[in-house]
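# Analysis of the macromolecular model
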Amino acid sequence: MDYKNFIGGAWAATAESIPNINPSDTTDTIGFAAKGTVSDLDKAIDAAHEAAPGWAASTPQQRFDVLDFIGTEILARKQELGRLLSREEGKTLPEGIGEATRAGQIFKFFAGEALRQSGDHLASVRPGIEVDVTRSPVGVVGLITPWNFPIAIPAWKLAPAICFGNAVVLKPAELVPASAHALVEIVSRSGLPDGVVNLVFGRGSELGPRMIDNEKVNAISFTGSVPTGRGIAAACGAKLKKVQLEMGGKNPMVVLDDADLDIAVEACLNGAFFSTGQRCTASSRLILTEEIHDQFVATLYDRMVALKVGHALEAGIQMGPVIDNRQLEQNLSYVDIAGSEGGKVLGGQRLDLQTKGFFMAPALITETSNDMRINREEVFGPVASVVRVKDYDEALAVANDTEFGLSAGICTTSLKHAHHFKRNSQAGMVMVNLPTAGVDYHVPFGGTKGSSFGSREQGRYAAEFYTTVKTAYTLP
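The paragraphs below set out a description of the structure included in this document. What you are looking at is a predicted structure, and each value in this text was computed from that prediction instead of being measured. (Residues numbered from 1 in each chain as written. Predicted model: local features only at pLDDT ≥ 70, side-chain atom pairs only at ≥ 80, totals over all residues. Heavy atoms only, no water.)

### Looking at the nonpolar core
The line we're drawing: Here, nonpolar core means buried Ala, Val, Leu, Ile, Met, Phe, Trp, Tyr and Cys residues that are tied together by side-chain atoms lying within 4.5 Å of each other. Partly exposed residues are those whose accessible area sits between 20% and 50% of the maximum for their type, while under 20% is buried and over 50% is exposed, using a 1.4 Å probe and protein chains only. Here, residues are in contact when the closest pair of their heavy atoms is within 4.5 Å.
Judged by nonpolar contacts, the single largest core of 55 residues is most densely connected at Leu67, Phe107 and Phe110. Ignoring anything within four residues of it in the chain, the contact list for Phe110 reads Leu67, Ala159, Pro160, Cys163, Phe164, Gln458, Gly459 and Ala462. Among the nonpolar cores identified, the runner-up in size contains 29 residues, and Cys268, Leu286, Phe359 and Val386 belong to it.

Right, here's the structure in full:
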């Protein structure tokens, strides 16, 4: 299948295309995505710029109808969309269906938000004068999305953008064009005016800078790597463009001596290895106090090696492949580095399975210290390291000793320690006796320090990025 650009309400092919390869079976070419050019991107931006004023003037009912239509169709087709997602990204089929379901729920949520408009009507401090505080759309928003959540992340950017009256240009990751194409195809039949939503495939290194440079783009929302995010922030700052960044994580999971072992192991197994560890919220640093350390490591290791790794669409598979060979090589190199620095490596080898894919065994690296590279740099794969600490105070200090601050967790039966950790963890999202990965669609998502920049995504907090506040005075 050919995945075309969608510009100004029409599907448009390009001279060149990029193959979409199944990471579970590299002999399976799912389709070919348009290789968009800067000229294609400019046309999409022009279309969005032309459509933006009309959509900004749309009614709450119009916005509700569009968003509800999209959400309803996604949910009705979640099995089909989830299968497509798992085929191109490598998530297990239950995870793919779960992600498609979440995308539908996001659109349904923002359908409701379109009707729940809010503002303030105030009396001025000056007699007889009235004040209205309202929100207006930003205008044209550029959306740059990653490969690890190929339908959910575009959904949680597109839905609020549409809800609050903006026009958008979506540039998805090159590795996962099918999910973005399927989503925009549904959007194209929702009743949106031409040009409100545009889709351009292509190289991020070519299209990203132009999206920022184009004066008709008013804001950029980006999810991806830290180096790219920092570059976007600097470029948007120079042009005074509104910017929202979600980047990396090196998320700690603290397990105290008093933790329920079964709950703690399950939380860490899920957080570290599900979705092949390809989540910015993955539990990549397991911080264990002394008394529970040995038993926890032994139990987690037994659970880890029992995980069934294989083709994402095969029944019973618990961990699919890595997204591509480049990422696989990076994962394996970090495992080697951890071993060379003194860590004890358990698992983590390349796997040759029935189909030719990018498979690796999950890795647990023990006997590490927090200053090792494996604990400082994001791996983005099924690799978890273990740091031994003496008590809660040291655990908290180690958890916070990172340039990242996306998600953090603690497993404990102590109410005192749980409350203290929630208040003092330097992370945007904190979990108690739960995996660090797994945030509901109706609550804000984002972190601190080097993990995030700008206002939060998702939930009602999404309005902070996709709108501007207007204060108006009236003397009746």
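### Looking at unusual backbone geometry
Rule in force here: Secondary structure elements follow DSSP: runs of H or I no shorter than four residues count as helices, runs of E no shorter than two count as strands, and numbering proceeds from the N terminus.
Of note, Glu367 is a non-glycine position whose phi angle comes to about 60°, a positive value. Along the chain, Glu367 turns up in strand S18 (residues 363–368). We classify Glu367 as partly exposed; its relative accessible area is 45%. Its identity is not glycine, yet Phe380 carries a phi of approximately 65°, on the positive side. The class for Phe380 is buried, based on a relative accessible area of 17%.

### Points about the pairing of strand S8 (residues 140–144)
How we decide: DSSP bridges decide pairing: two strands pair if at least two such bridges lie between them. If the strands point away from the viewer and the path from the first strand over the helix to the second runs clockwise, then the crossover is right-handed.
Among the five residues of S8, five are classified as buried, and the element is accordingly described as predominantly covered. A two-sided burial pattern is seen for S8, the buried positions comprising Val140, Gly142 and Ile144 on one face and Val141 and Leu143 on the other. Pairing between S8 and strand S9 (residues 167–171): five bridges, direction parallel. Its bridge partner lying in S9, Leu143 is registered against Leu170. In terms of handedness, the path from S8 via helix H5 (residues 152–163) over to S9 forms a crossover that is right-handed. Strand direction decides the pairing type here: S8 and strand S11 (residues 219–223), joined by four bridges, are parallel. The partner of Ile144 across the bridge, within S11, is Phe222.

### Observations concerning the packing of helix H3 (residues 78–89) against helix H6 (residues 177–188)
Counted only if it meets this: Lines fitted to the C-alpha atoms define the axes, with helices restricted to the stretch that makes contact. Angles between their N-to-C directions range from 0 to 180 degrees. Roughly parallel here means an angle under 35 degrees, roughly antiparallel means over 145, roughly perpendicular means 65 to 115, and every remaining angle is called oblique. Each residue is assigned to one class: nonpolar for Ala, Val, Leu, Ile, Met, Phe, Trp, Tyr, Cys and Pro, charged for Asp, Glu, Lys and Arg, and polar for all the others, Gly among them.
The N-to-C vectors of H3 and H6 enclose an angle of 155°; their axes lie 8 Å apart at closest approach. Taken together, the axis directions place H3 and H6 in an arrangement best described as roughly antiparallel. Residue-level inspection shows Leu81, Leu84, Leu85 and Glu88 of H3 in contact with H6, the latter providing Pro177, Ala178, Ser179, Ala182 and Ile186. Looking at the contact of H3 with H6 residue by residue, the class counts come to seven nonpolar, one polar and one charged.

### A short note on helix H9 (residues 261–273)
Counted only if it meets this: By this rule, a helix spans an expected 1.5 Å times one less than how many residues it contains.
For H9, built from 13 residues, the straight-helix expectation of 18 Å at 1.5 Å per residue is met to within 8% by its first-to-last C-alpha distance of 18 Å. Burial analysis of H9 places ten of its 13 residues in the buried class, the great majority of the element. Among the residues making up H9, those that are buried are Leu261, Ala264, Val265, Ala267, Cys268, Leu269, Asn270, Gly271, Ala272 and Phe273. Buried-residue contacts for H9 involve strand S13 (251–255), strand S14 (283–289), helix H10 (290–305), S18, strand S19 (383–389) and strand S21 (407–411).

### Here's the deal with helix H11 (residues 325–340)
How we decide: Directions are taken from the helix axis to each C-beta atom, and the arc is the one they span.
A rise of 1.5 Å per residue sets the reference length of H11, with its 16 residues, at 22 Å; its end C-alpha atoms lie 22 Å apart and thus fit the reference within 8%. Here H11 has its buried residues at Gln327, Leu328, Asn331, Leu332, Tyr334, Val335 and Ala338. Here the buried residues of H11 occupy an arc of 155° about the axis, which is enough to place them on one side. For H11, the exposed residues set more than 90 degrees away from the buried face come down to Arg326, Asp336 and Ser340. Residue Gly342 follows H11 closely and has a positive phi angle near 110°.

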